[in-house]
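Overview (structure and organization)
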Amino acid sequence: MGFWDAILGRTKPVRPDLDRLFGLPGAAVTLEAETGFTPTGQGSVCFASVEGGAFARIQRDVGELLDADTDRGGVPVEFSQDGYGYTWLLAHQAPDDVASLVNDLHAVNTLLQDAGFGPQLLCSLIGFHNASTGRSLALVYLYKRGTFYPFAPLPGGGEKRDSGLELQVRALLGDDLRIEEDLSRWFPVWGAPGL
């Protein structure tokens, strides 16, 4: 950062560090031990689609990479589009195999980034469920910030979230993950695949 940037209050954007995703298996253990939330085995990546053959080819390559185990009982990757026009890729693994799910999400992010589509990446998330309360929770990774935040929708189908639970999870996982400090960046991901 230069002299004028400091005087004018401009900050250098945080460089994404996809290796931070590998902190999720440890965070999942902490989350289960402390709150009873267990992994669902589902995770997703959200990105803005781009028109053109290069992006379509990368999207096809991503699907082929993650579908390589379908002949051995793996669940095929699913693509969907939300109401805002963003594309979601949903990956499945066994609920007790968070490491493989993280590897899948890391591979998707890396393929898109290395192909020059990093600016289109928005977030990745892994879903959790508490069987005793019926509650859902997601740990969301913000690609452009290199940070995580918890998202806890309240049950009942309305677009309301449990801020208390989110703050509890933030305090709980501070040693496992780099948590986003700016709460205004804890965007709701209503209806996200994998949640």
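Higher on the page you've got the structure.
Cut-offs applied
Residues numbered from 1 in each chain as written. Predicted model: local features only at pLDDT ≥ 70, side-chain atom pairs only at ≥ 80, totals over all residues. Heavy atoms only, no water. Helix = DSSP H or I, 4+ residues; strand = E, 2+ residues; numbered from the N terminus. Buried < 20%, exposed > 50% of the residue type's maximum accessible area, 1.4 Å probe, protein only. Contact = heavy atoms within 4.5 Å. Areas by Shrake-Rupley, 256 points an atom, 1.4 Å probe, with all protein chains shown as cover. Polar contact = N/O pair within 3.5 Å; in protein donor to acceptor, adjacent residues only side chain to side chain. Axes fitted to C-alpha atoms, helices over the stretch in contact; angles between N-to-C directions. Parallel < 35°, antiparallel > 145°, perpendicular 65-115°, else oblique. Left-handed = near helix turned anticlockwise from the far one by under 90°. Phe/Tyr/Trp six-rings, centres within 6.5 Å; stacked < 30°, edge-to-face > 60°. Nonpolar A, V, L, I, M, F, W, Y, C, P; charged D, E, K, R; others polar.

Right, let's get into the overall build of the chain. In terms of regular secondary structure, the chain is built from five helices and six strands. What you see in the chain, going N to C, is helices and strands ordered as α-α-β-α-β-β-α-β-β-β-α. Relative to its 195 residues, the chain shows a buried fraction of 39%. Long-range pairs, those at least 24 residues apart, make up 65% of the contacts in the chain with a sequence separation of at least 6. Accessible surface for the chain amounts to roughly 10,100 Å². Of this, 52% is attributable to carbon and sulfur atoms.

Before going further, it helps to spend a moment on the side chain of histidine 92. Along the chain, histidine 92 falls in strand β3 (residues 86-92). There is a polar contact of 3.5 Å between the side chain of histidine 92 and the side chain of glutamine 42. Here the side chain of histidine 92 touches glutamate 78 through a polar contact of 2.9 Å, side chain to side chain.

At their nearest, the axes of helix α2 (residues 24-35) and helix α5 (residues 163-172) sit 10 Å apart, and the two run at 125 degrees to each other. Considered as vectors, α2 and α5 are oriented oblique to each other. Where α2 crosses over α5, the handedness of that crossing is right-handed. Note on element contacts: α5 touches α2 through Gln168, Val169 and Leu172, opposite Thr30, Leu31, Glu34 and Thr35.

Attention now moves to the packing of aromatic side chains. Applying the stated criterion across every chain, the model contains three aromatic pairs. Ring centres of tyrosine 141 and phenylalanine 148 lie 5.0 Å apart, and the angle between their planes is 55 degrees; this geometry places the pair in the tilted category. Judged by centre distance (5.1 Å) and plane angle (75 degrees), the rings of phenylalanine 151 and tryptophan 190 are edge-to-face. Of the two residues, phenylalanine 151 sits in strand β6 (residues 147-151) while tryptophan 190 sits in the segment after α5, which places them 39 residues apart along the sequence. According to the relative accessible area criterion, tryptophan 190 is partly exposed, its value standing at 28%.

We now examine the packing of α2 against helix α4 (residues 98-117). With their axes 9 Å apart at the nearest point, α2 and α4 run at an angle of 140 degrees to one another. Classified by the angle between their axes, α2 and α4 sit oblique to one another. Where α2 crosses over α4, the two elements pack in a sense that is right-handed. Each of Leu24, Pro25 and Ala28 in α2 lies in contact with α4, whose residues at this interface are Val98, Ala99 and Val102. Class assignment of the residues belonging to the contact of α2 with α4 gives a composition of six nonpolar, no polar and no charged.

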